[in-house]
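As a plain string of letters, each chain reads:
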Amino acid sequence: MTQTDSPTCTLCDLPATDVTDEAGNRFCCPGCRDVHEALDSVAAIDADDVRERASEANDATESDPDPVPEDHESTFLEVEGMHCATCEAFIESAAKAEAGVSAASASYVTETVRIDHDPEAASDADLREAVSGLGYNAYSRDDAFRRRRADAIATVRLAVGVLVGMMVMLQYIAIIYPTYFDGLFYTERTAQFLADALSHGSSTYFYGFVGILTTIVLVVTGKPILRGAYVSLRTRSPNMDLLVALAAVSAYAYSVLAIAVGAEHVYFDVTVAILVIVTIGNHYETSIKRRATELLSDLTTVQVDEACRLVDGLDAGVETEGGARAETGTEGSARAETETDPDGTETVPLDDLSAGDRVLVRAGERVPVDGEIVDGEAAVDEAVVTGESLPVDKRPGDPVVGGSVLADGALVVRVGEDATSSLDRIAELVWDLQSSNHGIQALADRLATVFVPVVLTLAAVATVGYLLAGAGPTDAMLVGLTVLIVSCPCALGLATPLAVASGIRDALERSIVVFDETVFERVREAETVVFDKTGTLTTGEMRVLDHDLEPDLLDLAAALEGRSAHPVGKAIAEATTGEAASVATPPEQLGEDGPVATTDGGESAVATVARDEETGSAVESVESFESHRTGVSGVVDDVQVLVGHPALFVEQGWTLPEDVAETIEEARAVGRVPVAVGRDGEAHGTIVVGDDLREEWEATFDALGDRDIDVVVLTGDDERATSVFADHEAVSRVFAGVPPEGKAETVGRLSTRGTTVMVGDGTNDAPALARADLGIALGGGTAMAADAADVAIVDDDLRSVGTVFDLATAAGTRVKRNIGWAFGYNAIAIPLALAGLLNPLFAAIAMGTSSLLVVANSSQVLLDE
């Protein structure tokens, strides 16, 4: 963005207005001022307390992305293979080692790394090459082909492990195991033949063949685990990958050595079993998560890739006369004008736009970049960017923001100085926050930091101890190997993935999509839940809630509003049809109390008016229609009708009785949209339009209150629209009139006081969802909101917020039981191994049994339907 010297908001860095506080700080709006005053004490929090919280969360970096140097730019890469906090540290180190890189921040939660670099010294290709390696694969976030290829490679690794592993296990079951168990299912003669064959010198070739198959499993299927183990050693942070790799590689190395010295027992089966079992568990978790993301395939992206640029010297024919927009007042007419003059416009990528270019935007399309209107009039819905509930009439000279949608009409927009979109800047902010959101280390990995050194020490001490006691090298190494194998890496390795996968599965059954495996750990620590109001705590359906009009005047107003494309106008038009009394609208368009900006939909607007039940003909005839900034007027059945904001009545010289004005103020006080209706020069009553509060909002707040969780309501709407929430005992604070950037900063400040969850639905909520310790997006929201969140509620049921907490509790119970069983088993098995009472074969059997118990425990249903 182009840097300016104009003052910015103290809270969110948007351009400041004349709103100030007692200390002289300037803000963009009263909402940001209120947030700053309420949470300003954050600066006084003890630094040791902040460091302690950061340490507990395994997050040694600041939550805010560092500013990018002026001559540097930020590149965002998706990194396949990054799956733990140790990977984050390694990826950041690899990126920072590249010449020209000033900073790097990685997050395994979102598999994203942000790299700040000098584009002259390090290109995007250089960065991808620097990060890729050791099994990691970096690519652009929008490279769908590379993402599919990464998924395919993971599936191939598993398939190789299962198929080749079956070949290895077949040799053990058919040939080797019978020699351990007195023939097993063979006759005595056959068993003796197998024993003699395996003790013969030529058996080396057989064991060599089994070793080759095992090597394939180790190198192909085990590569991610080996990589994780190597990275943990490089970063001096032991994790579960290291524990699993130690057991698998030790069994493999012992077996290779046994073949070389002519020993009779090899344990390639242990290597195969460990790698395949853990890989299957991880793959199961990944497949469940993939199923979850597929549920959101109906969400469409809201960013624009192309623009319709006007060629210099040619005119697209957009009329600017407020009431005479027949040529371009609809999408069809604007499109027809372009078709008759094909050289008048050209479709170009956004990157080709320059400051001063003119772009044509038609009804239903998104404004591609920020700019200023030079021709045309239209109602513009800016909710996706600003959070404002209702579309606003725009005329020549008015600014428009990139990402907003034309509800009707057509516009010619002059591209702004930096040729960027506000929506794109929100997307970049989301990416910034995602790449800086370091994942919480899994419980098993945290335990591994202690357990791995202990097991290694015990194995080494046992081996040395047996050697000193006079045992042979083979026997001593066998005891050490048994200790490593019996340490139950499979059970520990499966404990968290299976418990998390079961939690994600339970969530899917309840139409809840969990994107991040650390959700269940983080949500259990939540201290504050922040709710966006519009579309989250409200239904998202605009309808007429009340009116005090005579039936004939309501019909006249409905007929007039039938010409409007505005959500308020549509709701009024449907009020007398006998059909559904509400109209679905984007959630961000709802709940704002303020000027009613109905607009002319032109000939393409769908007029929904009262009709005679027998003939189906319109009861009222609209003889003339005119659109204003704050309402509409016209003649219906020879009656002059005016519908809109009280200011419109004053502007037109109509009488506004005191009782009508009082009714309007009362409706505004509870967050509704009041519309004055009059005829023949005088207002006769009001129509109150709005969306209802969700029936389940109180029960949701009560459930959170029972968990001793603070509830905060955060919205871009007027403060009067939130009064009903402020009275609820579970609500600790309500912040109103806060823009998207201010929402993110508010959530960030709350996060410094304790783990904070954000619940929202719209793109304007996306930065706050990404900034929160945990983001929950309702299913009626946008793709960007879902991308920024950690959890998406597909069925749009607010009660599912409480279900997320219940699922987290159940997942925590599974993890603790799994790990408790694994360590309980180790407390018995490791001493037996140290005493020489177990050999690797029985250790492997015990390991498999413990893994089955972990699988069984993870399959239990712990949450009532």
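Residues numbered from 1 in each chain as written. Predicted model: local features only at pLDDT ≥ 70, side-chain atom pairs only at ≥ 80, totals over all residues. Heavy atoms only, no water.

Draft legend 1. Examining the overall build of the protein more closely. When helices and strands are tallied, the protein shows 28 helices and 29 strands. For the protein, the residues scored as buried account for 53% of the 865 residues in total. Accessible area of the protein: about 36,100 Å², with a carbon and sulfur share of 52%. (Helix = DSSP H or I, 4+ residues; strand = E, 2+ residues; numbered from the N terminus. Buried < 20%, exposed > 50% of the residue type's maximum accessible area, 1.4 Å probe, protein only. Areas by Shrake-Rupley, 256 points an atom, 1.4 Å probe, with all protein chains shown as cover.)

Draft legend 2. Just the sheet that holds strand β11 (residues 378–381), in detail. Read from one edge to the other, the open sheet built from three strands follows the order β12-β11-β14, with strand pairing classed as antiparallel. The open sheet has two free edges, formed respectively by β12 (392–394) and β14 (405–406), since each of these has just one partner strand. As defined by bridge partners, β11 adjoins β12 across three bridges and the pair is classed as antiparallel. From the neighbouring strand, Ala-378 faces β12, where its bridge partner is Lys-394. (Pairing = 2+ DSSP bridges.)

Draft legend 3. Region of interest: helix α8 (residues 223–234). The end-to-end C-alpha separation of α8 is 16 Å, in line with the 16 Å expected for 12 residues at 1.5 Å each. Note on α8: the residue one or two positions beyond its end, Arg-236, has a positive phi of about 55°. (Expected span 1.5 Å × (residues − 1).)

Draft legend 4. How the structure looks around the pairing of strand β21 (residues 631–636). The buried fraction of β21 amounts to six of the six residues, a majority that puts the element mostly inside the structure. Judged by which residues are buried, β21 turns out to be covered on both faces: Gly-631, Ser-633 and Val-635 on one side and Val-632, Gly-634 and Val-636 on the other are all buried. Bridge count for strand β20 (residues 622–628) against β21 is six bridges, and the pairing is antiparallel. Each bridged residue has a counterpart across the sheet, and for Phe-625 the counterpart in β21 is Gly-634.

Draft legend 5. View of the pairing of strand β3 (residues 73–80). The sheet contact formed by β3 and strand β5 (residues 112–117) spans six bridges and is antiparallel. Pairing of Leu-77 across the sheet is with Val-113, part of β5. Where β3 meets strand β6 (residues 137–140), four bridges bridge the pair, whose relative direction is antiparallel. Following the sheet pairing, Glu-80 is matched in β6 by Asn-137.

Draft legend 6. View of the pattern of salt bridges. This structure, assessed with the given rule, holds 14 salt bridges. We note a salt bridge from Glu-365 to Arg-362, for which the minimum N-O separation is 3.6 Å. For Arg-362, a relative accessible area of 6% puts it in the buried group. A network of salt bridges, in which partner residues are shared, links Arg-309, Glu-346 and Asp-357. (Salt bridge = Lys/Arg side-chain N within 4 Å of Asp/Glu carboxyl O.)

Draft legend 7. Layout of the environment of Thr-715. Tracing the backbone through its elements, the reader meets Thr-715 in the loop between β25 (710–714) and α23 (723–726). Taking C-alpha positions, Thr-715 is 8.3 Å from Val-734, a pair spaced 19 residues apart along the chain. Once you skip the residues sitting within four places of it in the chain, Thr-715 turns out to touch Asp-532, Lys-533, Thr-534, Thr-722, Phe-735, Ala-736, Gly-737, Val-738 and Lys-743. (Contact = heavy atoms within 4.5 Å.)

Draft legend 8. Main features of the packing of α8 against helix α9 (residues 240–261). At a minimum axis separation of 8 Å, α8 and α9 run at an interaxial angle of 115°. Viewed along their axes, α8 and α9 form a crossing whose handedness is left-handed. From α8, Pro-224, Ile-225, Leu-226, Gly-228, Ala-229, Ser-232 and Leu-233 reach across to α9, where they touch Asp-241, Leu-242, Val-244, Ala-245 and Val-249. Residue composition of the contact of α8 with α9, by class: nine nonpolar, two polar and one charged. (Axes fitted to C-alpha atoms, helices over the stretch in contact; angles between N-to-C directions. Left-handed = near helix turned anticlockwise from the far one by under 90°. Nonpolar A, V, L, I, M, F, W, Y, C, P; charged D, E, K, R; others polar.)

Draft legend 9. Spotlight on the packing of aromatic side chains. Counted under the stated rule, the structure contains nine aromatic pairs. Look at Tyr-172 and Tyr-177: their rings are 5.5 Å apart centre to centre, the planes differ by 55°, and that puts the pair in the tilted class. Residue classification places Tyr-172 among the buried residues on the basis of a relative accessible area of 0%. When its relative accessible area of 16% is taken as the criterion, Tyr-177 is described as buried. Ring centres 5.8 Å apart and planes at 40° place the aromatic pair Tyr-254 and Tyr-267 in the tilted group. One end of the pair, Tyr-254, is in helix α9; the other, Tyr-267, is in the loop between α9 and α10 (268–294), with 13 residues separating them in the sequence. The buried category is assigned to Tyr-267, whose relative accessible area is 5%. Three or more aromatic residues link up through ring pairs in this structure, and these residues are Phe-531, Trp-697, Phe-701 and Phe-725. (Phe/Tyr/Trp six-rings, centres within 6.5 Å; stacked < 30°, edge-to-face > 60°.)

Draft legend 10. Quick peek at a negative patch on the surface. Residues Asp-546, Asp-548, Glu-658, Asp-659, Glu-662 and Glu-666 make up a contiguous surface patch of negative charge. The biggest single contributor to the negative patch is helix α21 (residues 658–669), with four residues. As for its placement among the helices and strands, Glu-658 is situated in helix α21. (Patch = residues over 30% accessible without salt bridge, like charges linked within 9 Å, V, L, I, M, F, W, Y side chains within 5 Å. Lys, Arg positive; Asp, Glu negative; His and termini not counted. Charge placed at Lys NZ, Arg CZ, Asp CG, Glu CD.)

Draft legend 11. Quick peek at the confidence of the model for the protein. With 73% of its residues at a pLDDT of at least 70, the protein reaches an overall mean of 74. Model confidence for the protein, summarised as mean pLDDT per element, is weakest for strand β19 (residues 582–584) at 34 and strongest for helix α7 (residues 203–221) at 93. Throughout residues 313–343 the model reports pLDDT below 50, and contacts reaching past four residues in sequence, or to other chains, amount to 58 contacts. (pLDDT = per-residue confidence, 0-100.)

Draft legend 12. Focus on the sheet that holds β5. Pairing in this open sheet of four strands is antiparallel, and the strands run β4-β5-β3-β6 from one edge to the other. If you trace the sheet from one side to the other, it starts and ends with β4 (101–107) and β6, each paired once. Here the strands of the sheet are splayed against their neighbours by 30° on average, with no regard to which way each runs. Lying on the sheet, helix α4 (residues 124–131) is in contact with β3, β4, β5 and β6; it crosses β3 at an angle near 40°.

Draft legend 13. Geometry of the side chain of Arg-114. For Arg-114, the location among the structural elements is in strand β5. Relative accessible area serves as the criterion here: at 5%, Arg-114 is assigned to the buried category.

Draft legend 14. Representation of the environment of Thr-347 within the structure. Within the fold, Thr-347 resides in strand β8 (residues 345–349). When sequence neighbours within four positions are dropped, the list of residues in contact with Thr-347 reads Glu-306 and Ala-307.

Draft legend 15. Unusual backbone geometry, seen in detail. The phi angle at Asp-638 is positive, at roughly 65°, despite the residue not being glycine. By secondary structure assignment, the location of Asp-638 is in the loop between β21 and β22 (639–644). Here Asp-638 falls in the exposed class, since its relative accessible area comes to 66%. Unusually for a residue other than glycine, Asp-680 sits at a positive phi of about 55°. Along the chain, the position of Asp-680 falls in the loop between β23 (673–679) and β24 (682–690).

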